[in-house]
Amino acid sequence: MVRKLMVNNTLLVIMLVYAVLFLFSKHPSDPYDRLIMSDGKGYYAYLPAIFIYQDLDYGFVEYYESKYYPSDETPSYFKEFRYQFNGAIVNKYFAGIAILMLPFFLLAHLLALVFGQADGYSMAYQIAIGLSSFFYLLLGLLALRKLLGYFTQNNESQIACILMAVALGTNLAYYVVAEGTMPHAYLFFLVTSFLLLVYRAIHEGEKKYFLGSAAILGLILITRPQNGFVVLLVPFLAGNLKTLRKAVAGYFSDFRLPLQTMLVFVSITSIQMVLWYIQTGHLLVYTYGNETFDLLRPKIIDFLWSYEKGWMIYTPLSFLAIAGLIAVWRQNRWRAIWTVVFFSILTYVLSSWWVWHYTSQFGQRVFIDFYAMLALMLLSGFGLIRKQWWRKAYGMGIVVLIALNMFQYAQHLRGAYPAGPVNCENYWKSFFHITPSSQTYIPENIILKINKTDQANAEIQDSFPAQAFLSFPEEIQVEDSRPIKIFTCEYGHFAGQDKALIRTNLQIVAQSRAEEVSMLFEFFSNGTKYSDFSFSISRFLKLHRKVTTSPVQYLPLSFQPSDSVRISVSSKGNARLKVQSINVEVIKIKPDASPPWIPNALNSLLNSIIHCTNIDDSNPDFIVHAKSNQQAYDSAFAAVLNKDFVYNVEFNAALMKLFTTDNCVLKLNVRAFPVISNPEVVFAVSLHHGSKMYFYDAQKLGNIVAGQWNEVSLLQRLPAFETGEDTLKCYFWNTNPMTTCYIDDICLEFISLTDRHLGNPDRHRSDDNEGVPLFAFPDEVLLNKDRQFFGPPWFVLNNLNTCLPAYLYIHAEVKTNAWFPFSNFVVAHYSNDSLITYQTHYLAAFTRPDKWINLQLPYELPGCLKATDVLRVYAWNPGTKEDLRIKHYEIRISQKQ
């Protein structure tokens, strides 16, 4: 009874299963989980562009991205589909899907006009467009059921089994439920409908089927042109050469039918050409730019059998289809030959695409469009052996593979595989796992070296300092939005300026249920936080069970050896956690290795341009002012630095051609040969706008050894340019004119960083004694729970020129008794008794317990100060269990004309 009920209501059962999957796995109100997403944003964009914004330049993209989707801090969710063709903007994707979505869009638009916000992306549109993929799935299954009926004398049990197999035993489910606005549910409907209409046109000869086939083929071509290979299946549908010839003769027997079908076909395909013409003035446009097919380098093996995205690995029903192909060969060799021809050509072409896996999230998605042929092969498999036991065993095999597919579907939704490409090893390791994996795959062949710290047994390897670890209690209470610090270490001396990863292995037990528990990584250079990274561990935690999380990310660019990382645990809401062990690995990788699945830290390298000179080279980008044939490193010349010579490099090229962001770093690599050890050789950088110098900074080359060539690297952050045509000047000069130093092999690397929070260095920098002293207190002061504040009274700013930038500098020596003190210096600016700005400089980033640290803290004051404006500058210790000692405390203020 149940079996009969299932057979008679197969499509209802399938749609109910899809509805349950949707309700339990999809959250359209979440900006990270909208229904209009990924490539679907581009396919859909035609509709709001035409009907709401009347803007085929798609200037509204930033509006809906900022309002309905995650911010630019998660750039992978932003979908850029606008392509510039001959100066015009055109949608990268084709318009066929938008035509199919149109009725649902119009309904949503009507509802939004009455009840909601009619901007094309509010919840009414999201739900309506999400339903459209379910609707076309249902139409595709209806067409498939009809098509299967022609090949099995309407055996309802077998048809029901195959429909369940295609709908639930393949990755079609994922691309309807999880990513429904991808084109595959729609193309499954179109291709299946085309096959049904062509079959009926061939075998029944009615005009309406020919016209319908032409219309559907037109829609296929303006949705995904390469799917036009479906016409190769026309001989298969005919069944033999005689039937095919008869159908062709019947088609041309009345000249009006070819003209009518051609008119329908051209009418549909011309929609795309009209849109292109409106946007660009051209009827034919290739909108994919450099993305092309490389027919000389197909990736057939990867395409079909790789553990990463192979079709047959993640759609195991395809193995059973081989049995169906054998059965077809026995029954009708004509059809078997055309099946092989079709799939061979299709696989060859599709696997030649520049990115063979099509960034599929679950299996090989481009085969979904042709699952009607998979269904026909599976159906034929019932007839491979004409025994009842075979049909039952074959049917049970399909059921088992449906269950396996649903399990793999859950694995992909929950992230059971380690981050990165799936290989044989981690596929089989994760085969029975449905819980999310916290591991990240790092290919062994890109690793150059690994340095480890081990908190459990305090084994410090290589160059990690023994004081790297922060002692923490076994059980910590994490309060809402207040991170608990658990680990800190310096990494700059090891990572240097090489490309490196940081991997943290944390064993942790959740003692209570918590919401959104995260690990926070904060990176500091010279006492200032310049990068951070957050990694959610909530989905890995299990109540009262030990779990290990191992987040991996790129290290930010290291500015100096003392750069450090601080690791904290935070929670949204209160949580009790037990940290059992933690160790950190800094992994150096090959310079040309860039695993894209590992997240970039802020301040990581975006791109760089390198210019080098061997002093005797005639490089037109550099003006060389001094040469010497003494002490050359690897050529006939070197630059000499003494009382008579300064080596100067002036870079006159447009700076915006060198830097692609406002976050700019200049990296120097140079060989230096000092006559005496540690000469006072300085590398100075200045920026000029016309005759005006608006930035200057100088760094010593460091501890270089006399009598040999030393390799020196320095990093210099640069401020935002006034214009892209400003001049950058670099100098080497010897501040002790009584010594001599030679330099050679000078390389300047112009580095653009990814960070949005780096900030720019001050355009004006103070020497220790520069500016007007406002306050000085040389004696030692202790701040603790009894005395929390120390500072001078109010400063009135009536001596400052009101609209010139001013800089305040705090100089002090400080010492604390805590690893992460809450102590800080505060600068508060008041105008008319109202607080204008409040700036804090926390000491936790660079202090060490019981060690005096010399601080020089700059603050830029706002422009156009009033004569009555006042400043309050003070040190503050809010901690009840820490001491802050201050001596040689001085405050200066500077303003230059």
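Notes on the structure follow. Please read these numbers as outputs of a predicted model, since none were measured by experiment.

### Quick notes on the packing of aromatic side chains
Working definition: an aromatic ring pair is given by the centre-to-centre distance plus the angle between the planes.
Alright, step 1. Inspection of every chain in the model, using the stated rule, returns 58 aromatic pairs.
Alright, step 2. Plain terms: the ring middles of Phe210 and Tyr251 are 5.2 Å apart, the flat faces sit at 40° to each other, and that makes the pair tilted. Of this pair, Phe210 sits in helix 11 (residues 207-221) while Tyr251 sits in helix 13 (residues 241-252); the two residues are 41 residues apart in sequence, bridging distant segments of the chain.
Alright, step 3. Plain terms: the ring middles of Tyr441 and Trp597 are 6.3 Å apart, the flat faces sit at 20° to each other, and that makes the pair stacked. Linking Tyr441 in the loop between helix 21 (424-429) and strand 3 (447-454) with Trp597 in the loop between strand 13 (575-589) and strand 14 (605-613), this pair joins segments that are 156 residues apart in sequence.

### Focus: helix 2 (residues 10-25)
Alright, step 1. Here helix 2 spans 23 Å end to end across 16 residues, near enough to the 22 Å set by a 1.5 Å rise per residue.
Alright, step 2. All buried positions along helix 2 are accounted for by Thr10, Leu11, Val13, Ile14, Met15, Tyr18, Leu21 and Phe22.

### With respect to the side chain of Thr280
Alright, step 1. Assignment of secondary structure puts Thr280 in helix 14 (residues 256-280).
Alright, step 2. Reaching out from Thr280, the side chain makes a polar contact with the backbone nitrogen of His282 at a distance of 3.1 Å.
Alright, step 3. Beyond its immediate sequence surroundings of up to four residues, Thr280 is in contact with Phe85, Ala88, Val90 and Val285.

### Quick notes on the nonpolar core
Alright, step 1. If you look at the biggest cluster of nonpolar residues, it comprises 147 residues, and the most contacted ones within it are Tyr18 and Leu195.
Alright, step 2. With 15 residues, helix 10 (residues 184-204) is the single largest residue contributor to this core.
Alright, step 3. Those residues in contact with Tyr18, other than ones at most four positions away along the chain, are Phe134, Leu137, Ala167, Leu168, Leu172, Ala173, Val176 and Val177.

### Description of unusual backbone geometry
Alright, step 1. For Ser38, which is not glycine, the phi dihedral falls at a positive 50°.
Alright, step 2. Within the fold, Ser38 resides in the loop between helix 2 and helix 3 (40-44).
Alright, step 3. Assessed through its relative accessible area of 27%, Ser38 is described here as partly exposed.
Alright, step 4. Look at Asp745: it is not a glycine, yet its phi comes out positive at around 50°.
Alright, step 5. Looking at where Asp745 falls in the secondary structure, it is placed in strand 22 (residues 741-753).

Rules behind the numbers
Residues numbered from 1 in each chain as written. Predicted model: local features only at pLDDT ≥ 70, side-chain atom pairs only at ≥ 80, totals over all residues. Heavy atoms only, no water. Phe/Tyr/Trp six-rings, centres within 6.5 Å; stacked < 30°, edge-to-face > 60°. Helix = DSSP H or I, 4+ residues; strand = E, 2+ residues; numbered from the N terminus. Expected span 1.5 Å × (residues − 1). Buried < 20%, exposed > 50% of the residue type's maximum accessible area, 1.4 Å probe, protein only. Polar contact = N/O pair within 3.5 Å; in protein donor to acceptor, adjacent residues only side chain to side chain. Contact = heavy atoms within 4.5 Å. Core = buried A, V, L, I, M, F, W, Y, C linked by side-chain atoms within 4.5 Å.

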